[in-house]
Amino acid sequence: MSLSLTLQQLVAPWLPLSGFAADIAVAQLELDSRKVTSGTTFVAIKGHATDGRQFIDAALNNGANAVIAQACSEKQHGLVELRDGVAIVYVADLSLHLSALAGRLYAHHNNQLIAVTGTNGKTTITQLMAQWLELVGQRAAVMGTTGNGFLETLRPAANTTGNAVEVQRTIAELAQLGANYTALEVSSHGLVQGRVQALAFAAGVFTNLSRDHLDYHGTMEEYAEAKFTLFSQHQCQHAIVNVDDVVGQQWVKRLDNAIAVSLLPPNETIKADVPAVWATEVAYSEQGIDIAFDGHFGAGQICAPLIGEFNASNVMLAMTTLLALGIDKQSLIDTASQLEPVLGRMELFTTEGKAKVVVDYAHTPDALEKALLALRVHCQGQLWAIFGCGGERDKGKRPMMAKIGERLADSVILSDDNPRSEDPAEIVQDMLAGMSHPQQAIVEHQRFTALQYALEHAGEQDIILLAGKGHEDYQVLADKTVHYSDRESAQQLLGLSL
């Protein structure tokens, strides 16, 4: 990108810079010293896991043309020092200003930003909106779990929400490539750590809140407040809120720019003066979901080829957001049937004479429950569930997920899902503790073998939910990460082309 500022222009809001460092040209910012190349400006902050100031010498060796570093008691705000002929400028509270700093360099115009937060549904909603916008003649990109970019050319992303520099740079790149809209998945970690702090959102969407990430947030209350900061501490023109969720019902009362979305007609949970969009009728079939709706933007009916009640909610949230942004309602109605299921989200794999396999990313108790309930409506035979729980993550959800599987599925196979450095057998034991009849659960640590077993023992009318990994194509073990894909397993075992 042909973006460039002087160092003086870049740090002006926080530090009036003069002297030999002021006129250094800044064209590229980088937080990771390993990614620094000749001419890159290294930003050294004290992060949550590492202190970037420890890697200043490494960045200089890689060709950094300047360093902007977080000030401390030894290196105070405003200090400019030379190291190996390169200027190092120290700025107070740099980690708090990082999003704004990057935004000054990577200015992104004519690219409306949509933020989606919540425990489940972020990927589906962002990608449905991007699909829909493309179908009505706009150019739309996404940033999130399955990657960044336009849907046909997604680039893998390390985190749901990248660091503040990556986010600003990517949005600018997408705008230069023609994006009119970019829909971002915004994680609770990303909000707490200020990764999207300086972005202006045309709309923010809240999907739902259920148990997840308590290893990081500690309590559900803290987790909820982290999510709420999207609306309370960020610029967000419209707040699209799912009021079928209890937390969403509370938030609508706290926001003056909310549009409530529900699969049910208005009731006492929605204040009379809150704009709302609701479903008047929802019908589910193997072909998809038919939704008749009414409310703030008028009445209509859409048909979308997706599975399950939670996808009806996802479609309603996506549609309401686009209506709030001024997209023509009839255009959305006319193109809804062309929407496609999202990669690894309730993705159906079938072949004649064998059970259906559904691959889904459900890796929380709430998501697993919703996935199984959605499939029960479509299942004419037995419902199978294959899932595991991640290592080095919230242990409290392990027995909860097993209990849900036992209650809602006819057969449960417990398997591995990124065990990391934990003993997979101990993770399974934690899960079995939540079951009333643990002896009836099948334990098969290898997911491919687990699916193979299910297909060999399942009937033609059965459905097998392979939950937890979705789009992921890896398994994280104690000492390495290996290639593994639920989608590839399903295709291979069903004899479908990879």
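Residues numbered from 1 in each chain as written. Predicted model: local features only at pLDDT ≥ 70, side-chain atom pairs only at ≥ 80, totals over all residues. Heavy atoms only, no water.

- By the naming in an unreviewed UniProt entry, the protein chain goes by UDP-N-acetylmuramoyl-L-alanyl-D-glutamate--2,6-diaminopimelate ligase and is assigned to Vibrio scophthalmi.
- Its UniProt record gives the protein chain a comment under Sequence similarities (unreviewed entry), which states: "Belongs to the MurCDEF family. MurE subfamily."
- What the UniProt record of the protein chain gives under Function (unreviewed entry) is the line "Catalyzes the addition of meso-diaminopimelic acid to the nucleotide precursor UDP-N-acetylmuramoyl-L-alanyl-D-glutamate (UMAG) in the biosynthesis of bacterial cell-wall peptidoglycan." (UniProt positions renumbered as here; feature names shortened; annotations may be inferred.)

**Considering the pattern of salt bridges**
- The tally for this structure, following the rule as stated, stands at 20 salt bridges.
- Note that Glu-166 and Lys-35 form a salt bridge whose closest N and O atoms lie 3.9 Å from each other. Separated by 131 residues along the polypeptide, Glu-166 in helix 5 (residues 164–176) and Lys-35 in the loop between strand 3 (29–30) and strand 4 (41–44) bring together distant segments of the chain.
- On the accessibility criterion, Glu-166 (26% relative accessible area) is partly exposed. (Salt bridge = Lys/Arg side-chain N within 4 Å of Asp/Glu carboxyl O. Helix = DSSP H or I, 4+ residues; strand = E, 2+ residues; numbered from the N terminus. Buried < 20%, exposed > 50% of the residue type's maximum accessible area, 1.4 Å probe, protein only.)

**Thoughts on the domain arrangement of the protein chain**
- Domain annotation for the protein chain reports domain 1 (5–95), domain 2 (106–338) and domain 3 (347–494).
- The C-alpha centroid of domain 3 is placed 27 Å from the C-alpha centroid of domain 2.
- On the domain 3 side, the residues contacting the 16 residues of domain 2 number 20 residues.
- Taken over both partners, the interface formed by domain 2 and domain 3 buries close to 1500 Å², and the fraction arising from carbon and sulfur atoms is 60%.
- For the pair domain 2 and domain 3, the interface holds zero salt bridges.
- Inspection of the region where domain 2 meets domain 3 yields three residue pairs in polar contact (both at pLDDT 80 or more).
- Grouping the constituent residues of the side of domain 2 that touches domain 3 by class yields three nonpolar, eight polar and five charged. (Domains from an automatic or database assignment. Contact = heavy atoms within 4.5 Å. Buried area = accessible area lost by both parts, 1.4 Å probe. Polar contact = N/O pair within 3.5 Å; in protein donor to acceptor, adjacent residues only side chain to side chain. Nonpolar A, V, L, I, M, F, W, Y, C, P; charged D, E, K, R; others polar.)

**Some remarks on unusual backbone geometry**
- Its identity as a non-glycine residue notwithstanding, Asp-93 has a phi of 55 degrees, on the positive side.
- One can find Asp-93 in the loop between strand 7 (86–91) and helix 3 (94–105).
- The exposure class assigned to Asp-93 is partly exposed, which follows from its relative accessible area of 44%.
- In the Ramachandran plot, Glu-392 falls in the positive-phi region, its phi being about 60 degrees despite a non-glycine side chain.

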